[in-house]
Amino acid sequence: MSVIRDYDCLVKHSEQVLPGVIRIVFECMEMVSNALPGQFVQIEPSTGTFPVTRRPITINRLTDDGFELLFDVVGRGTELMGEMRTGETVRILGPLGRGWMVHPDSTWLLVGGGLGAAGFQFLIDTVGSAKVLIGASSSRRVIPLESLSCTVATEDGSTGETGLVTALISRDLLEEADSIAVCGPVAMMEAVWNTIPSMYRDKVQVSTESRMGCGWGVCDGCSIPVSSGGYKKCCKDGPVFPGSDIDWKRWKEAGL
Amino acid sequence: MSYPPSIPRKFWGVDFNSPVMLASGTAGFGEELLDLQCLSGVGAVVSKAVTFKSREGNPPPRLLETPYGLLNSIGLANPGVHHVLEHILPVAADLPCPLLINVAGESVEEFASVVSVLEESRVHLGYEINVSCPNVADGGAAFGVDPEVVLRVAQGVSRVTSRPFSVKLTPNGGDMVQSARAAVEGGASAVTVCNTFLGMQIDWETGRSILKRKVAGYTSPALLPLVVARVWQVSNAVSVPVISSGGVSKGEDVLQLLAAGARMVQVGTRLMRRPFAAGELMAEMKKLTGE
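Given the structure is predicted, the values throughout are model-derived calculations rather than measurements.

(A) Expanded view of the confidence of the model for chain B. Per-residue pLDDT for chain B has a mean of 95; in total, 100% of the residues score no lower than 70. The ipTM assigned to the predicted complex is 0.93, against a pTM of 0.95.

(B) Spotlight on the sheet that holds strand β4 (residues 55–62) of chain A. Residues and elements named next belong to chain A. Overall, antiparallel pairing links the six strands, which are arranged β1-β2-β5-β4-β3-β6 in a closed barrel. Ignoring strand direction, the axes of neighbouring strands in this sheet form an average angle of 45 degrees. Note that strand β1 (residues 5–18) and strand β2 (residues 21–27) share seven bridges and pair antiparallel. Paired with His13 across the two strands is Val25, which belongs to β2.

(C) A look at the packing of helix α3 (residues 108–118) of chain B against helix α4 (residues 147–160) of chain B. Residue and element names in this part refer to chain B. Packing of α3 against α4 leaves a shortest axis separation of 8 Å and a crossing angle of 20 degrees. As far as their axial angle goes, α4 and α3 are roughly parallel. Every pair of crossing elements has a handedness; the one defined by α3 and α4 is right-handed. Taking contact as the criterion, the partners of Val108, Glu109, Phe111, Ala112, Val115 and Ser116 in α3 are, on α4, Val149, Arg152, Val153, Gly156, Val157, Arg159 and Val160. Taken together, the residues of the contact of α3 with α4 break down into eight nonpolar, two polar and three charged.

(D) How the structure looks around the sheet that holds strand β9 (residues 149–154) of chain A. Residues and elements named next belong to chain A. With mixed pairing, the seven strands of this open sheet are ordered in space as β10-β9-β8-β7-β11-β12-β15. For this open sheet the edge positions go to β10 (161–162) and β15 (240–242), each flanked by a neighbour on one side alone. Here six bridges tie strand β8 (residues 130–136) to β9, and the two strands are oriented parallel to one another. Considered in β9, the bridge of Leu133 is made with Thr151.

Conventions we followed
Residues numbered from 1 in each chain as written. Chains lettered and ligands numbered in written order. Predicted model: local features only at pLDDT ≥ 70, side-chain atom pairs only at ≥ 80, totals over all residues. pLDDT = per-residue confidence, 0-100. Pairing = 2+ DSSP bridges. Helix = DSSP H or I, 4+ residues; strand = E, 2+ residues; numbered from the N terminus. Axes fitted to C-alpha atoms, helices over the stretch in contact; angles between N-to-C directions. Parallel < 35°, antiparallel > 145°, perpendicular 65-115°, else oblique. Left-handed = near helix turned anticlockwise from the far one by under 90°. Contact = placed C-beta atoms within 7 Å. Nonpolar A, V, L, I, M, F, W, Y, C, P; charged D, E, K, R; others polar.

Spelled out as structure tokens, the structure:
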């Protein structure tokens, strides 16, 4: 269990890596010793009164003395985060949630859609090596990953294969993997889930996201519909769940 | 009352250490707060709403942030009173501050039924009765808009407990002062002013509400003057203490609410930004008052 604390983190570096996609490197030694792959942090986007909630972002990777986030600018909160500059101090709560269930000596297959692949670097760095499949609308949405094996498909064919990430999933890849990690938009994750034959589905873990209030389990705002009925909390029970836990139909209906 | 107000430390004859209470729905049952060690400066925790049967809550999305506030549509998600009694209250026993259990119901009788079950526990100090939820058994309007109904709810609770309870009033319809008087007549030891304001966000291109239940509860630091006015009106009309709820983001906000007549001040949405808000508010207040 990670120790959750609210840290004042120094911005060491900030840059735009793709159009509308920002990378920020923060200094925070405590996060290095505490965070696990797949966990997230809650960033305070402003020191003013608004916005009234933080922004939950998955840890993309750890650095020697801190961690790195990679995120899309989608609204006011992330826009403010994009304006964070080197030398600033930002209040960050974390590490939060349950990350990827990592078994020793496991062979990993990672399937990411667009910015959903943010966070895979931490997993790759932790498990040593993994086969990675990335799908995106175009090359402008393919985030940089350091991996020995990475295959890309884009819908417009601007890089890699032309088509969807589901076309990259082969029976051989599913067979040789012990663990399969999926992260991306709900429709993409559902398509991947439906592409995987049921005999391999026990290996699948998915990283979810939701509109979030607190980030630490008290407000019940970030519910994910689960197959056993009812809901689980994205922030505390997740964000990573076994794929079989998810009620895909109800989750898609939520239109998140 | 003298001005500026001093920081109260006692409530219902009990030592509360701080006038800052964590509002219902923003602190669970306090057990996560123990993990996070963010209970410094917390006078009391008000639990999330407990109903007789478990409720899975509303379909997502349940939250929608607006530029100046937060809409929530949680739907009183909770595991039901028996689960709370057997599995959650024993953990909440470790809280270093008093716990009030927020109780909701779909009929006048359900409030007393929930309280009766909870009476088995010695963990909590008292209750907060949420009369802002819809009276499903009788048309669906909030219990709190009709003083006659508020009186019956409070009387029902008084009959089954000797612990103190506050009635949490709704700002959405009805006359809050009349409802507050009815709560006191029914035996309430305090009134909480007030619950969330009805709010809605519509996608103008499609005409659809973003949240599935259409209207939701709106909270915002910008609501502070609305809460101050209601606290002032109600505290001038009733003999029991008023607990304010809503609009707090700074220590000076707490002091203003105390000056308006509140005896305890709840903080809620601010915890989403600052889990350690209670301690921060106390520090700011001490600095401002020199205490």
